[in-house]
Amino acid sequence: MRAVTYRRFGGPDVLEVTDLPTPKVGPDSVLIRVRASSVNPVDWKVREGHLAEVMDTVFPVIPGWDVAGVVEQVGLDTPEFRVGDEVFGYVRKDVVGGEVAGGTFADLVAAPVRTLAHKPSSLSFEEAAAVPLAGLTAYQTIRRAGVQSGHTVLVHAAAGGVGSFAVQIARSLGARVIGTASESNHDYLRTLGAEPTMYGDGLADRVRALEPAGVDVVLDYVGGDALDSVPEVLRDGGTVASVIDARARDEFGGLYAWVRPDSADLAELARLADAGDLKPEIAEVFDLADAAGAHERSQSGHVRGKIVVRVSTEA
């Protein structure tokens, strides 16, 4: 099968298209014919070796954790799926690389059923591939932060891949959302149902002008100085959650989260998509042969929505 691999840590130039054997399918896994994947910032951070102290790496590595495709073979104990099912998922395993932990930038991937759900029928394969990691990150931080109807939520990097999902999910729960973004993305945030504001100097004053009592929840998906305004914008008893900055937990008593594969959460994202409450924004689609270009585009920053990699056009 075709697969994009890298045999050492480095820049996008270490990525190459190679030929690898078909992965083995474990008892609780299915073999997926990959139609599309997507790039997340963690992908190029893994490629550069920044997670080497957290996760074991076995070369060669096939990058990619997001997948949308069609089940081609089922394992010995996988009643959840049948051959021909259209699925999507966040196929992160405990080891990066090697024969037992292949990524999704490949024609085929063996995926544990705990990482998958049935694809939303309303989304194309490219759209579905844009959802899993970013959508789960948003959904799980929102759930853990206790967002509910009537809350006012401040979402940092609200026009990004994770932030745009967070806006939509919070709105589906009945929350009011204030989102930080560059001015060029303010109209986009309005289409998602958020009240946009500029990040940077004076942020606390701008948020307080919109919500004088302070917000109930702060969701940080960008890091840097985004959390500096927490003491001024968060109301007493409010919650802050970050996937970037441990200060959310250590300094402000909130959550510092890492996304987990979860089939039930994926199924909820699919339900939201099919109900019209969740729509991915695709910034650009690359072919598998140009995986390096997809990584470069993601790594350039300031991407609105997701970078998708099309692997094949037919099951």
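Now for a quick tour of the structure. Positions within a chain are numbered from 1, following the residues in the order the chain's sequence is written. Two thresholds apply to this predicted model, a pLDDT of at least 70 for residue-level local features and 80 or more for giving and counting side-chain atom pairs, whereas whole-chain, interface and lining totals are computed over all residues. Hydrogens and waters are ignored; side-chain quantities use all the structure's heavy atoms.

This part is about the overall build of the chain. Helix and strand counts for the chain come out as 10 helices and 17 strands. Radius of gyration means the value over C-alpha atoms here, while the globule rule gives 2.2 Å times the residue count to the 0.38 power. For 315 residues, the compact-globule formula gives about 20 Å, and the C-alpha radius of gyration of the chain, at 19 Å, lands near that figure. On the principal axes, the C-alpha backbone points of the chain span a range of 60 × 40 × 35 Å. In this scheme, a residue with accessible area under 20% of its type's maximum is buried, one over 50% is exposed, and one in between is partly exposed, where area comes from a 1.4 Å probe on protein chains only. Counting the 315 residues in the chain, one finds 57% classified as buried. Contacts are residue-level and defined by heavy atoms, with any inter-residue pair within 4.5 Å sufficient. Contacts spanning at least 24 positions in sequence make up 69% of the contacts within the chain whose residues lie at least 6 apart. Of the roughly 13,300 Å² of accessible surface on the chain, 47% is carried by carbon and sulfur atoms. Charge centroids of the chain, computed over 30 positive and 45 negative side chains, lie 2 Å from each other. A run of H or I in DSSP becomes a helix once it reaches four residues, and a run of E becomes a strand once it reaches two; helices and strands are each numbered from the N terminus. Per-residue accessibility takes into account occlusion by the displayed protein chains alone, with areas from the Shrake-Rupley method and a 1.4 Å probe. Counted charges follow a simple rule, with Lys and Arg positive, Asp and Glu negative, and His plus the chain ends left uncounted. Where a charge sits is defined by one atom per residue type, namely NZ (Lys), CZ (Arg), CG (Asp) or CD (Glu).

Burial of strand S11 (residues 176-180) is extensive: 4 of the 5 residues sit out of reach of the surface. Regarding topology, helix H4 (residues 161-172) serves as the crossover connection from strand S10 (residues 152-156) to the parallel S11, and that connection is right-handed. Two strands pair when backbone bridges link them, and S11 and strand S12 (residues 195-197) are joined in this way by 3 bridges, in the parallel orientation. The partner of Gly179 across the bridge, within S12, is Pro196. If the strands point away from the viewer and the path from the first strand over the helix to the second runs clockwise, then the crossover is right-handed. In this fold, S11 hands off to helix H5 (residues 186-192), which returns the chain to S12; that crossover is right-handed. Any two strands between which DSSP finds at least two bridges are classified as paired.

This part covers the environment of Phe286. Inspection of the secondary structure puts Phe286 in strand S16 (residues 282-287). Sequence separation of Phe286 and Val311 is 25 residues, and the distance between their C-alpha atoms is 8.8 Å. Setting aside chain neighbours within four positions, we find Phe286 in contact with Gly293, Ala294, Arg297, Ile307, Val308, Val309 and Arg310.

Geometry of a packed helix pair, given as the angle between the helix axes and the separation of the axes. Under this scheme, a helix contributes an axis fitted over its contacting stretch, all axes are lines through C-alpha atoms, and angles between N-to-C directions fall in the 0 to 180 degree range. Their axes nearest at 10 Å, the elements helix H3 (residues 132-145) and helix H9 (residues 263-274) cross at an angle of 100°. For the element pair H3 / H9, the angle class is roughly perpendicular. Here Pro132, Gly135, Leu136, Tyr139, Gln140 and Arg143 of H3 come into contact with H9, specifically with Asp265, Leu266, Glu268 and Leu269. Broken down by class, the residue content of the contact of H3 with H9 amounts to 5 nonpolar, 2 polar and 3 charged. Orientation labels follow simple angle bins: below 35 degrees gives roughly parallel, above 145 gives roughly antiparallel, 65 to 115 gives roughly perpendicular, and whatever is left gives oblique. Gly is put with the polar residues, along with every residue not named as nonpolar or charged; the nonpolar set is Ala, Val, Leu, Ile, Met, Phe, Trp, Tyr, Cys and Pro, and the charged set is Asp, Glu, Lys and Arg.

Opposite charge on two side chains allows them to pair when their charged atoms are near. For this document, the term salt bridge refers to a Lys or Arg side-chain nitrogen within 4 Å of an Asp or Glu carboxyl oxygen. Under the defined criterion, the tally for this structure stands at 20 salt bridges. Two residues, Glu48 and Arg47, come together in a salt bridge whose shortest N-O distance is 3.5 Å. Owing to a relative accessible area of 29%, Glu48 belongs among the partly exposed residues under this scheme. Overall, Arg47 belongs to the buried group, its relative accessible area being 0%. Its salt-bridge partner being Arg190, residue Asp187 comes within 2.7 Å of it at the nearest N-O pair. A residue pair is termed a helical-turn pair when its members lie 3 or 4 positions apart in one helix, as Asp187 and Arg190 do in helix H5 at 3 residues. When its relative accessible area of 48% is taken as the criterion, Arg190 is described as partly exposed.

Here the focus is H4. For a helix, the expected span equals 1.5 Å multiplied by the residue count minus one. The terminal C-alpha atoms of H4, which comprises 12 residues, lie 17 Å apart, in line with the 16 Å expected from a rise of 1.5 Å per residue. Among the 12 residues that make up H4, 10 are buried, leaving the element largely enclosed by the rest of the structure. Within H4, burial applies to Gly161, Val162, Gly163, Ser164, Phe165, Ala166, Val167, Gln168, Ile169 and Ala170. Immediately downstream of H4, the backbone of Gly174 shows phi near 95°, a positive value.

All right, on to helix H6 (residues 203-210) then. What H6 keeps buried is the set Leu203, Ala204 and Val207. The buried residues of H6 occupy one face: seen down the axis, they fall within an arc of 95°. Of the exposed residues in H6, the ones pointing more than 90 degrees away from its buried face are Asp205 and Ala209. Along its buried surface, H6 packs onto S10, S11, S12, strand S13 (215-220) and helix H7 (230-233). To be clear, the arc concerns the directions from the helix axis to the C-beta atoms.

Tracing the backbone shows Asp216 in strand S13. Throughout this description, a polar contact denotes any pair of N or O atoms lying within 3.5 Å of each other; where both atoms belong to protein, one of them has to be capable of donating a hydrogen while the other can accept it, and for residues adjacent in sequence the pair is counted only when both atoms sit in side chains. One polar contact links the side chain of Asp216 to the main-chain amide nitrogen of Thr152, over a distance of 2.8 Å. Not counting chain neighbours up to four residues away, the residues in contact with Asp216 comprise Gly150, His151, Thr152, Leu234, Arg235, Gly238 and Thr239.

Tracing the backbone shows Asn185 in the loop between S11 and H5. Residue classification places Asn185 among the buried positions, given a relative accessible area of 15%. Those residues in contact with Asn185, other than ones at most four positions away along the chain, are Ala159 and Arg304.

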